[in-house]
Amino acid sequence: MKLRASGEDYLEAVLMLQKKNGMVRSIDLARHMEVSKPSVCYAVGTLREGGFLTTDEKHYLHLTELGQNVAEKIYERHCFFTKHFISIGVDPETAEADAYRIEHDISAETYEQLKESITKE
């Protein structure tokens, strides 16, 4: 199943909240992403059907191995672009926003080549 950018955003948010708080509920996700609970419920259902996350009996969200891999890939890209945009003088808020847009659209090949060329410098 190919994820859309919004699905990747949800997975990345679950990962970030897990790192910060340990456990994640749908309401935590809604607050973090500034979306409605029904939006989160729909996204969680779709991601669960796709095998990206599970919920337990207490309704906590857990990334599957597949979901964890996707979330970490997106989060790595986000951090990479944000850090490098800030290092060249971009305002941190703008850097975050631009990283958010680029992280989903850049091809794996281009990202890897860019990362390699920047880390060589």
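Everything numeric here is computed off the predicted structure, so don't read it as measured data.

Describe the domain arrangement of the chain, listing the residues and the values that go with them.
Taken domain by domain, the chain holds domain 1 (7–67) and domain 2 (70–119). When domain 1 packs against domain 2, the two sides together hide about 870 Å² of surface, and 60% of this comes from carbon and sulfur. Linking domain 1 to domain 2 there are zero salt bridges. Summed over the shared surface of domain 1 and domain 2, the result is six residue pairs in polar contact (both at pLDDT 80 or more).

Can you explain the packing of helix H1 (residues 5–21) against helix H4 (residues 65–87)? Please cite residues and give values.
Interhelical geometry of H1 versus H4 gives an angle of 85 degrees and a closest axis separation of 8 Å. Judged by the inter-axis angle, H1 sits roughly perpendicular to H4. Only Gly67, Gln68, Val70, Ala71, Glu72, Ile74, Tyr75 and His78 of H4 make contact with H1, whose side of the interface consists of Glu8, Leu11, Glu12, Leu15, Met16, Gln18 and Lys19. Classifying every residue of the contact of H1 with H4 gives seven nonpolar, four polar and four charged.

So what about the nonpolar core? Which residues, and what values?
Generally speaking, nonpolar side chains in soluble globular proteins are found buried as a group. Counting 21 residues, the largest nonpolar core has Leu11, Leu29, Leu47 and Leu61 as the members making the most contacts within it. Elements with a contribution of two residues or more to this core: H1, helix H2 (26–33), helix H3 (37–49), strand S2 (61–63) and H4. When residues of this core are assigned to domains, at least three map to each of domain 1 (7–67) and domain 2 (70–119). Discounting residues that sit within four places of it in the chain, Leu29 has contacts with Tyr10, Ala13, Val14, Leu17, Val40, Val44 and Leu61. Grouped together as the second largest cluster of nonpolar side chains are seven residues, Phe85, Ala95, Ala99 and Tyr111 included.

Report on the packing of aromatic side chains, specifying residues and quantitative values.
Scanning the entire structure with this criterion turns up four aromatic pairs. Ring centres 5.8 Å apart and planes at 25 degrees place the aromatic pair Phe81 and Phe85 in the stacked group. Here the residue Phe81 and the residue Phe85 both occupy positions in helix H4, the gap between them amounting to four residues, near one helical turn. For the residue pair Phe81 and Phe85, the accessibility class agrees, reading buried in each case. Cluster of aromatic residues (ring-pair linked, three or more members): Phe80, Phe81, Phe85 and Tyr111.

Can you lay out the side chain of Asp28 for me, pointing to particular residues and giving the numbers?
Tracing the backbone through its elements, the reader meets Asp28 in helix H2. Owing to a relative accessible area of 14%, Asp28 belongs among the buried residues under this scheme. Ignoring any residue separated from it by four or fewer positions in sequence, one finds Asp28 in contact with Leu17 and Met23.

Break down helix H5 (residues 92–105) for me, citing the residues and quoting the values.
In this model H5 runs 20 Å from its N-terminal to its C-terminal C-alpha over 14 residues, within 8% of the 20 Å that 1.5 Å per residue would give. By the N-cap criterion, in which a side-chain oxygen at the helix start approaches the backbone nitrogen of a residue two or three places on, H5 is capped by Asp91, the distance to Glu93 being 3.1 Å.

Any chance you could break down the pattern of salt bridges for me, citing the residues and the numbers?
Evaluated as defined, the whole model comprises four salt bridges. Residue Lys115 is joined to Glu76 by a salt bridge in which the shortest nitrogen-to-oxygen separation is 2.8 Å. Residue Lys115 is found in helix H6 (residues 108–120), and its partner Glu76 is found in helix H4; the two are separated by 39 residues along the sequence. Between Arg101 and Asp98 there is a salt bridge; the shortest N-O distance is 2.4 Å. Of this pair, Arg101 and Asp98 are both found in helix H5, three residues apart, which corresponds to roughly one turn of the helix. For Asp98, a relative accessible area of 23% corresponds to the partly exposed category.

What counts, and where the lines are drawn
- Residues numbered from 1 in each chain as written.
- Predicted model: local features only at pLDDT ≥ 70, side-chain atom pairs only at ≥ 80, totals over all residues.
- Heavy atoms only, no water.
- Domains from an automatic or database assignment.
- Buried area = accessible area lost by both parts, 1.4 Å probe.
- Salt bridge = Lys/Arg side-chain N within 4 Å of Asp/Glu carboxyl O.
- Polar contact = N/O pair within 3.5 Å; in protein donor to acceptor, adjacent residues only side chain to side chain.
- Axes fitted to C-alpha atoms, helices over the stretch in contact; angles between N-to-C directions.
- Helix = DSSP H or I, 4+ residues; strand = E, 2+ residues; numbered from the N terminus.
- Parallel < 35°, antiparallel > 145°, perpendicular 65-115°, else oblique.
- Contact = heavy atoms within 4.5 Å.
- Nonpolar A, V, L, I, M, F, W, Y, C, P; charged D, E, K, R; others polar.
- Core = buried A, V, L, I, M, F, W, Y, C linked by side-chain atoms within 4.5 Å.
- Buried < 20%, exposed > 50% of the residue type's maximum accessible area, 1.4 Å probe, protein only.
- Phe/Tyr/Trp six-rings, centres within 6.5 Å; stacked < 30°, edge-to-face > 60°.
- Expected span 1.5 Å × (residues − 1).

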